[in-house]
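Architecture at a glance
Now for the letters of each chain:
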Amino acid sequence: MSEGTGQPPPTPPDDASAAYRELLGLLAGLEASFDRPGRGWDDEITRAEGYVHVLDLLATGLEFFLHGDADRPAFIRMITPTRKFGGDNTDSLYHLALLDPARSYRITGRRGDECYLGFCVYGGRADGSPAERVVGNLNHTAFAPGPDDRFELILSARPELEPAIELAPDTISVIARQYFFDPATERPASFTIEAIDDRGAPAPVAPPPPLSFAAVADRLRAVTNHVRGWTGLAPLPAPDSPDAFNTICEPHQAAGPWSTPDNLHAYGFYRLEPGQVLELRGRSPESVWWGVQVWNPYMQSYDARYHRVSLNARQITLEPDGSWRILIGPDDPGEPNWVDTAGHLTGFVYFRWQLADGSPSPVSAVVRHAG
């Protein structure tokens with residue numbers, strides 16, 4: 001009974017109750033996705049990491065879509081040292097803010113020690129599903145900080161506000177990316193986002209109304225779509241042929257959910273036996289940042305707190321001719337440029353080149369003994 005009224009408590013209408021049950025049902029059925037046909041991974045490590053991946057998606061979905069608010073926007077940290085999804089980079093910070101295309105926004109900030117700072121606006125369905133396209137992108141080379149390295153950017157569909165990025169009718173979010181050569185010591189940029197009115201003044205911010213069943217239903221559906229969308233993309237399909245392992249694709253510009261046009265990518269699966277390493281050779285153009293790291297098939301980096309799971313341009317020792325040789329494996333071969341797979345004999349190698357001045361050379365790969 002409801003205390004003080006003598007009446008039974010209100011019963012959730014079908015939409016709220018159904019949205020809640022749909023999320024629970026999705027989570028209950030996702031265990032099968034770890035080895036569904038065409039994406040089969042048989043090793044225990046990868047199967048065990050599937051549980052972590054699903055729960056990491058639930059955690060991010062709750063933070064983004066249960067608590068996020070395009071009317072009262074705030075930048076939410078997307079990736080942490082322990083909570084990852086969607087292809088993180090260990091030398092980066094990512095922050096997400098939800099947007100309403102009918103509103104205008106101001107981002108105000110101050111540069112730090114980051115070598116790259118970019119703001120990318122995405123379009124798609126405003127229901128928690130992964131973004132479908134890039135609406136607009138702006139990086140630090142296109143805006144000049146003022147005194148004390150401060151900057152201001154307008155996001156709006158209203159031309160009279162002179163937006164740095166023009167919002168489209170399907171705008172759903174903005175992601176801020178920062179890249180570092182030494183994230184442990186370098187100071188990150190700081191920035192905030194606020195809604196503004198048609199004159200560019202801060203829009204009045206009223207406290208959010210009390211929750212209703214309808215509002216909870218909408219938010220729970222968005223969480224469900226977030227989890228469903230990303231588990232539809234990961235785990236990445238296992239190669240059909242053993243010959244497809246230990247090869248790296250040609251460098252190219254990525255085109256996927258929440259990708260940035262400022263990056264070139266090259267990647268491939270590795271599979272090793274105990275005592276083996278994957279040796280990678282190539283040559284990189286001048287870039288604001290470039291590096292290589294290892295993921296599991298869920299596009300989650302290994303634990304960088306305890307393993308050197310990535311290397312960037314300042315950490316890599318070049319060959320006398322300016323090329324590089326990188327070794328991937330679970331055991332230290334006693335040579336420079338070793339990337340530790342943290343006990344994984346199977347996984348994913350991923351290269352990024354940020355604002356590259358030219359195309360990287362193809363990456364050659366060969367498996368050899370670690371010693």
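Bear in mind the structure is a predicted one, so any value in this text is a computation, not a measurement.

Here is what the cut-offs are and how they apply
Residues numbered from 1 in each chain as written. Predicted model: local features only at pLDDT ≥ 70, side-chain atom pairs only at ≥ 80, totals over all residues. Heavy atoms only, no water. Axes fitted to C-alpha atoms, helices over the stretch in contact; angles between N-to-C directions. Helix = DSSP H or I, 4+ residues; strand = E, 2+ residues; numbered from the N terminus. Left-handed = near helix turned anticlockwise from the far one by under 90°. Contact = heavy atoms within 4.5 Å. Nonpolar A, V, L, I, M, F, W, Y, C, P; charged D, E, K, R; others polar. Salt bridge = Lys/Arg side-chain N within 4 Å of Asp/Glu carboxyl O. Buried < 20%, exposed > 50% of the residue type's maximum accessible area, 1.4 Å probe, protein only. 1 Å grid on protein atoms, 1.4 Å probe; cavity = no way out; pocket = protein on both sides within 12 Å on 5 of 7 lines; lining within 4 Å. Points joined across faces, edges and corners; volume = space filled by probe spheres on them. Pairing = 2+ DSSP bridges.

**As for the packing of helix 2 (residues 44–66) against helix 3 (residues 213–231)**
Here helix 2 crosses helix 3 at 145°, and the two axes come no closer than 9 Å. Where helix 2 crosses over helix 3, the two elements pack in a sense that is right-handed. Taken together, the residues of helix 3 that come into contact with helix 2 (itself represented by H53, V54, L57, L58, T60, G61, L62, F64, F65 and L66) are R219, L220, A222, V223, H226, V227, W230 and T231. Among the residues forming the contact of helix 2 with helix 3, the class breakdown is twelve nonpolar, five polar and one charged.

**Quick look at the pattern of salt bridges**
This model, assessed by the stated rule, comprises 21 salt bridges. Close ionic contact of R83 with E63 constitutes a salt bridge, the shortest N to O distance being 2.8 Å. Remark: E63 occurs in helix 2 and R83 occurs in the loop between strand 1 (76–77) and strand 2 (92–98); sequence separation between them is 20 residues. Taking the relative accessible area as the measure of exposure, E63 reaches 32% and is therefore partly exposed. Via salt bridges that share partners, E279, R281, R325, E335 and R368 belong to a single interconnected network.

**Digging into the layout of surface pockets**
The volume enclosed by the largest pocket comes to roughly 730 Å³. Listed by contribution, the elements that provide at least two residues to the lining of the largest pocket are helix 2, strand 2, strand 8 (171–179) and helix 3. Of the pockets and cavities examined, the second largest pocket occupies roughly 590 Å³. Together, 29 residues line the second largest pocket, and G86, P257, S259, M299 and Y350 are the ones closest to its centre. Of all the secondary structure elements, the ones that give two or more residues to the lining of the second largest pocket are strand 8, strand 11 (263–271) and strand 17 (346–354).

**Some points on the sheet that holds strand 18 (residues 364–369)**
What the four strands build is an open sheet, ordered 16-15-12-18; its pairing is mixed. The sheet is open, and its two borders are formed by strand 16 (338–340) and strand 18, each paired with just one other strand. Mean inter-strand twist for the sheet, computed between neighbouring axes without regard to direction, equals 25°. By the bridge criterion, three bridges tie strand 15 (residues 324–329) to strand 16 in an arrangement that is parallel. Counted as the bridge partner of G329 is D340 from strand 16.

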